[in-house]
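Secondary and tertiary structure notes
Next come the chains, spelled out residue by residue.
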Amino acid sequence: MYKKGNIAIFAIIMIATILLAVFSTPWVVKNTNLGLDLKGGFEVLYEVQPLEDGDVIDESAMNATVRAINNRINVLGVSEPDVRIEENNRIRVQLAGVSNQNEAREVISSTAQLTFRDVNDNVLLDGKDLAPRGAAIGYDPNSGEPVVELTLQSAEKFGEVTAEIAQLPEPENRLVIWLDYEEGDTYEEEIQKENSKIVSDARVTSQILSDKAIIKGGDITAESAKQLADILNAGALPVKLDEIYSTSVSAQFGQDALEETVFAASIGIIAVFIFMLFFYRLPGLVSIITLVLYINLIMLFFNGINAVLTLPGIAALVLGVGMAVDANIITAERIKDELRSGKSVLSAFRAGNRRSLSTIIDANLTTLISAAVLFYFGQSSVKGFAIMLMISIAMTFISNVFISRYLMHLLVSSRLFDKRKGWFGVKESEIREL
Amino acid sequence: MNFKLTEWNYVKHMRTMFLVSTAIVVLGIGLLFFRGLNLGIDFASGTRVEVLTEERVSQEEFTQAFNDAGIDQEISSVQYADEGRLAYVTFVGQLGQEEVASVKTAFTEQFGNDPNISTVSAQVGRDLAKNALYAVAVASIGIILYITVRFQFSYAVATVVAMLHDAFFMIVAFSLFGIEVNLYFIAAILTIIGYSVNDTIVTFDRVRENITSYEKERKIRSMDVYESIINKSIQETIVRSVNTVITVLVTAIALYAFGAESIRSFSLALIIGLFMGMYSSIFIASYLWLLIKRTTINKKKDTPVTEA
């Protein structure tokens, strides 16, 4: 009487979708990149200022700064940092999943400008004279205290500098090592300060033909020596960074937000399923299958392009479900119209599909326009929302238009439902005779 | 319900609804002018600290805690959620990197949880607001162009005015209830813009189809025909409009009721916007379209057209 093959294919697709959902979910949960609002972390917007008057902040300075920041983030060992230039003189840094946020912020923004100067503050050597990976933690052989050992690129150059200083009379024969010297700082003043930028002022009495120098001081601990060495190795920042916006989310907050929102999302989606099944019956069932597929495809695709899931991103996914199902609703309503006008199930299905397609395309493309605008103008977590919205719209066409129609086609052309118009949500009394 | 959505005379009530909307827009402008918006730190400037505590911590205790951390700024407000266990402390000034660090350390010690701290400078806030306005403007132009190409300019104007009406209502609602406007609010407005247009398009699509099938037989010469076509089209698409709103609304309500605190105002904005989107696509957009049609029909022929 009816085509069993069609029903079988339909059942296979339905089971395959459920299996896909069951098996892909653990993978998705494990591999999704969570944004800092979901796993804790921070975001800082820096305004880049010249270190010294007259320095120009141009594209190459900005790129050099971004490189230096990336090097430092490597020191921290954070995965997937996001460092980008905004509006010519701003740099936005996003780090998710940082265990020690305070340390991370300090490591990123300390300039770490190393200079060797004489007592009159003239530069003799600077950070560029440091050998690659030329800073290391060491211990003072006499006191056993931690120090930072510097290895210079050229012993010869260091010899020249020290020879020059050794010629100066006492007490001017000092080689002063500065960290983050700023214009206006002087040796006389700074050396009196407790938390001095001068990390060493060794007396030089004869030429030193070596490539080693040492930074030591009262407050250097093993930990801070290691950090300083790492920063020096990562390279100095060629600029000064001012924080003009910052936000930090603790890991606990992120975790709670994730759990609550995923729970909310599940409730919302299940409610949509129940509504669709109740109101649209057979097309409702098809829409549920395609929605399950839709959510899976989105999450897999989202992972595939390595996008970062943020809190608004989850919201977009949930809203997307509501909007995707609109494609099913528009089609199902059209089919109902056609059935009420007295058409057979098969021809009502064909006419309904044909007439609803342009509506669905227009309705989704206009949403796509605003999503694209949101992506272009939005920042950080709003961008995450826009990406999710755009992916949702694209997926709507795949699952809730094409696959959905194919599934309906299987059911309708099996002829099992030819006499069962009630299964499409139409009451017998509403059907007009042709 | 003793009337059926699919049999109701919508055109009959459009004028009233349109006047109501216009009145609310005027009142809304006044409200915004006098009351303004409760701008979050994203748009103004300042600092917000979110703290998770064992029990409710009073403002005095927070002041003390900030003083202990070396911050002597005056707290401008403390808001609580989650039975007082979640506190939002804001102040006008910004915190530097070292101050953020010391607050984090001090609070973690005192309250047992690492706080969330956001601090924004006035410049960044202004840029954000500027970007948001650009976004709405660009989206409007894009949508007008698209609809003009796919439909006609008359549909585009009606759709975009209805859409701006929805966005404006969301802003007014936020002003009325004093809900904080933050970064997510912009996302909510733009989502509703997309959604509202989506909704209007579905109705207009049916209007266009019904006009085409009517014109196969004879030319439309009077406003009455346009009005009955609009009414018929709304009746034919109303179930879809309502059902789609229900599905999106259900998910937005779930997010509002069970979702994370920080997207609560976002979800509320969506809920308001969804209602407005449905209302405006039925009453405002259709009425505007009729008004535009009336002027063009009057231009075409000099005979006066009977009032609706």
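Residues numbered from 1 in each chain as written. Chains lettered and ligands numbered in written order. Predicted model: local features only at pLDDT ≥ 70, side-chain atom pairs only at ≥ 80, totals over all residues. Heavy atoms only, no water.

Focus on the overall build of chain B
Basically, it comes down to this: Each helix corresponds to a stretch of at least 4 residues labelled H or I by DSSP, and each strand to a stretch of at least 2 residues labelled E; elements are numbered beginning at the N terminus. With the radius of gyration taken over C-alpha atoms, the globule rule is written as 2.2 Å times the number of residues to the power 0.38. Relative accessibility decides the category of a residue: with a 1.4 Å probe and only protein chains considered, values under 20% of the type maximum give buried, values over 50% give exposed, and everything between is partly exposed. The protein chains shown are the only cover counted for residues, whose accessible areas, like all others here, come from Shrake-Rupley with a 1.4 Å probe. For the charge count, each Lys or Arg is scored as positive and each Asp or Glu as negative, with His and the chain ends excluded. For the purpose of locating charges, the reference atoms are NZ of Lys, CZ of Arg, CG of Asp and CD of Glu.
Within chain B, the regular secondary structure consists of 8 helices and 6 strands. N-terminal to C-terminal, the α/β element order of chain B is α-β-β-α-β-β-α-β-α-α-β-α-α-α. Compactness check: chain B gives a C-alpha radius of gyration of 25 Å against a globular reference of 19 Å for 308 residues, more than 25% above the reference. Within chain B, buried positions represent 53% of all 308 residues. Element-wise, carbon and sulfur atoms account for 60% of the exposed surface of chain B, whose accessible area totals about 13900 Å². Across chain B, 25 positive and 30 negative side-chain charges occur, with their mean positions spaced 20 Å apart.

Some remarks on the pairing of strand β12 (residues 239–249) of chain A
Just so we agree on the cut-off: Here, any two strands with at least 2 DSSP bridges between them count as paired.
Judged by how many residues are buried, β12(A) sits mostly within the fold: 9 of 11 residues are covered. One ladder, built from 10 bridges, connects strand β2 (residues 41–50) of chain A with β12(A); its direction is antiparallel. Note on β12(A): the bridge partner recorded for E47(A) is D242(A). As judged from the 4 bridges shared by β12(A) and strand β5 (residues 116–120) of chain B, these two strands associate in the antiparallel manner. Residue pairing for β5(B): S248(A) is matched across the bridge by I117(B).

With respect to the interface of chain A and chain B
Put simply, the test is: Note on contacts: a residue pair is in contact if any heavy atoms of the two residues lie within 4.5 Å. Here the quantity called buried area is the total loss of accessible area, with a 1.4 Å probe, experienced by two parts when brought into contact, counted for both. Whenever two N or O atoms come within 3.5 Å, that pair is a polar contact, provided that in protein one can donate a hydrogen and the other can accept it, and provided that, for residues adjacent in sequence, both atoms are side-chain atoms.
On the side of chain B, 72 residues touch chain A, which itself brings 66 residues to the contact. In this assembly, chain A packs against chain B so that about 5700 Å² is buried in total across both faces, 63% of it on carbon and sulfur atoms. If you sort the residues of chain A by the area they bury against chain B, F253(A), D362(A) and F377(A) come out on top, with a joint share of 12%. Across the chain A-chain B interface, the total number found is 25 residue pairs in polar contact (both at pLDDT 80 or more). Secondary structure elements with two or more residues in the side of chain A that touches chain B: α4 (101–109), β12, α8 (251–304), α9 (311–340), α10 (345–377) and α11 (380–413) of chain A.

A word on the domain arrangement of chain A
Residue and element names in this part refer to chain A. Defined as follows: Where each domain begins and ends is defined by an automated method or by a domain database. Definition used for salt bridges: Asp or Glu carboxyl oxygen within 4 Å of a side-chain nitrogen of Lys or Arg. When residues are sorted by character, Ala, Val, Leu, Ile, Met, Phe, Trp, Tyr, Cys and Pro go into the nonpolar class, Asp, Glu, Lys and Arg into the charged class, and all the rest, Gly among them, into the polar class.
If you check the domain split of chain A, you get domain 1 (4–37 + 250–430) and domain 2 (40–247). Each of domain 1 and domain 2 was reduced to a C-alpha centroid, and the two centroids are 55 Å apart. Taken together, the contacts link 10 residues of domain 1 with 12 residues of domain 2. Summing both sides of the interface, domain 1 and domain 2 together bury roughly 730 Å²; the carbon and sulfur share of this comes to 50%. For the interface between domain 1 and domain 2, the tally reads 0 salt bridges. Summed over the shared surface of domain 1 and domain 2, the result is 1 residue pair in polar contact (both at pLDDT 80 or more). Classifying every residue of the side of domain 1 that touches domain 2 gives 3 nonpolar, 6 polar and 1 charged.

What to know about the side chain of K336(A)
In this structure, K336(A) sits in helix α9. Excluding residues that lie within four positions of it along the chain, K336(A) makes contacts with F279(A), Y280(A), F424(A), G425(A) and V426(A).

Things to note about a negative patch on the surface
Formally: Note on patches: the residues involved have over 30% relative accessible area and no salt bridge, like charges join within 9 Å, and the nonpolar side chains Val, Leu, Ile, Met, Phe, Trp and Tyr join within 5 Å.
A cluster of acidic residues, E52(A), D53(A), D55(A) and E183(A), forms a negative patch on the protein surface. Of note, D55(A) is situated in the loop between β2 and α3 (59–76).

A short note on α9(A)
In an α-helix, one turn spans 3.6 residues; hence positions three or four apart end up facing the same way. Residues and elements named next belong to chain A. Spelled out, the test is: Given the number of residues in a helix, its expected span is that number minus one, multiplied by 1.5 Å.
The terminal C-alpha atoms of α9, which comprises 30 residues, lie 44 Å apart, in line with the 44 Å expected from a rise of 1.5 Å per residue. Along α9, 28 of the 30 residues are buried, which leaves the element largely enclosed by surrounding structure. A positive phi of about 100° marks G342, the residue just after α9.

Digging into the packing of helix α1 (residues 10–34) of chain B against helix α5 (residues 153–177) of chain B
Residue and element names in this part refer to chain B. Condition: Note on method: axes are straight lines fitted to C-alpha atoms, helices fitted across the in-contact stretch only, with angles between N-to-C directions ranging 0 to 180 degrees. Oblique is the label for every angle not falling under 35 degrees (roughly parallel), over 145 degrees (roughly antiparallel), or within 65 to 115 degrees (roughly perpendicular). Each helix crossing is assigned a hand: it is left-handed if the near helix lies turned anticlockwise from the far helix by less than a right angle, otherwise right-handed if that turn is clockwise.
Contact geometry of α1 with α5 gives a least axis separation of 10 Å together with a crossing angle of 50°. Classified by the angle their axes make, α1 and α5 are oblique. Once α1 is placed against α5, the crossing between them reads as left-handed. On the side of α1, the interface is formed by S21, I24, V25, G28, I29, L31 and L32, while α5 contributes H165, F168, F169, I171, V172, S175 and L176. Broken down by class, the residue content of the contact of α1 with α5 amounts to 10 nonpolar, 4 polar and no charged.

With respect to the sheet that holds strand β9 (residues 174–179) of chain A
Sheet strands pair by backbone hydrogen bonding; their relative direction is either parallel or antiparallel. Residue and element names in this part refer to chain A. On the basis of which strands lie adjacent, the open sheet formed by 4 strands has the order β6-β5-β9-β10 and antiparallel pairing. Strands with a single pairing partner mark the edges of an open sheet, and in this sheet they are β6 (123–126) and β10 (198–203). Neighbour to neighbour, the strand axes of the sheet diverge by 20° on average, direction disregarded. Taken together, the 5 bridges between β9 and β10 define a ladder with antiparallel strand orientation. Its bridge partner being in β10, W178 is matched across the sheet by I198.

Quick word on the sheet that holds strand β4 (residues 86–91) of chain B
Taken together, 8 strands build an open sheet; the order of strands is β3(A)-β4(A)-β2(A)-β12(A)-β5(B)-β2(B)-β4(B)-β3(B) and the sheet is antiparallel. Single-partner strands in this sheet number two, and they are β3 (82–86) of chain A together with β3 (75–81) of chain B. Strand-to-strand, the axes of this sheet are offset by a mean angle of 20°, without reference to chain direction. Here strand β2 (residues 46–52) of chain B pairs with β5(B) via 5 bridges, running antiparallel. Bridged to G46(B) within β5(B) is V120(B). Across the sheet, α4(A) lies against β2, β4 (90–96) and β12 of chain A, angled at about 20° from β2(A), the strand it touches most. Sheet strands touched by α8(A): β12 of chain A together with β2, β4 and β5 of chain B. Its angle to β2(B), the strand with the most contacts, is close to 75°.

Some remarks on helix α6 (residues 183–215) of chain B
With 33 residues, α6(B) extends 48 Å from end C-alpha to end C-alpha; this agrees with the ideal 48 Å at 1.5 Å per step. Where α6(B) begins, the side chain of N182(B) points an oxygen toward the backbone nitrogen of Y184(B), at a separation of 3.1 Å.

What to know about unusual backbone geometry
Residue and element names in this part refer to chain A. Positive phi outside glycine occurs at R281, with the angle close to 55°. Relative to the assigned elements, R281 resides in helix α8. Residue R281 is classed as partly exposed on the basis of its relative accessible area of 44%. Phi is positive for N306, close to 60°, though the residue is something other than glycine. By the secondary structure assignment, N306 is in the loop between α8 and β13 (308–309). Looking at N306, the relative accessible area reads 54%, which means it is exposed.

Structural notes on the packing of aromatic side chains
Using the following cut-off: Each Phe, Tyr or Trp ring, with Trp reduced to its six-membered ring, pairs with another whose centre is within 6.5 Å; inter-plane angles below 30 degrees give stacked pairs, above 60 give edge-to-face pairs, and intermediate values give tilted ones. A ring is scored as having a charge over it whenever the NZ atom of a lysine or the CZ atom of an arginine sits within 6 Å of its centre and within 35 degrees of its normal.
All chains considered together, the criterion is met by 23 aromatic pairs over all chains. Taking 5.6 Å as the distance between ring centres and 20° as the angle between the ring planes, the aromatic pair formed by F275(A) and F279(A) counts as stacked. Of this pair, F275(A) and F279(A) are both found in helix α8, 4 residues apart, which corresponds to roughly one turn of the helix. With a relative accessible area of 16%, F275(A) lands in the buried category. Judged by its relative accessible area of 28%, F279(A) falls in the partly exposed class. If you follow R56(B) out to its NZ or CZ, it ends over the ring of Y80(B), 3.8 Å from the centre. Looking at R264(B), its charged tip hangs above the ring of Y256(B), at a distance of 5.8 Å from the centre.

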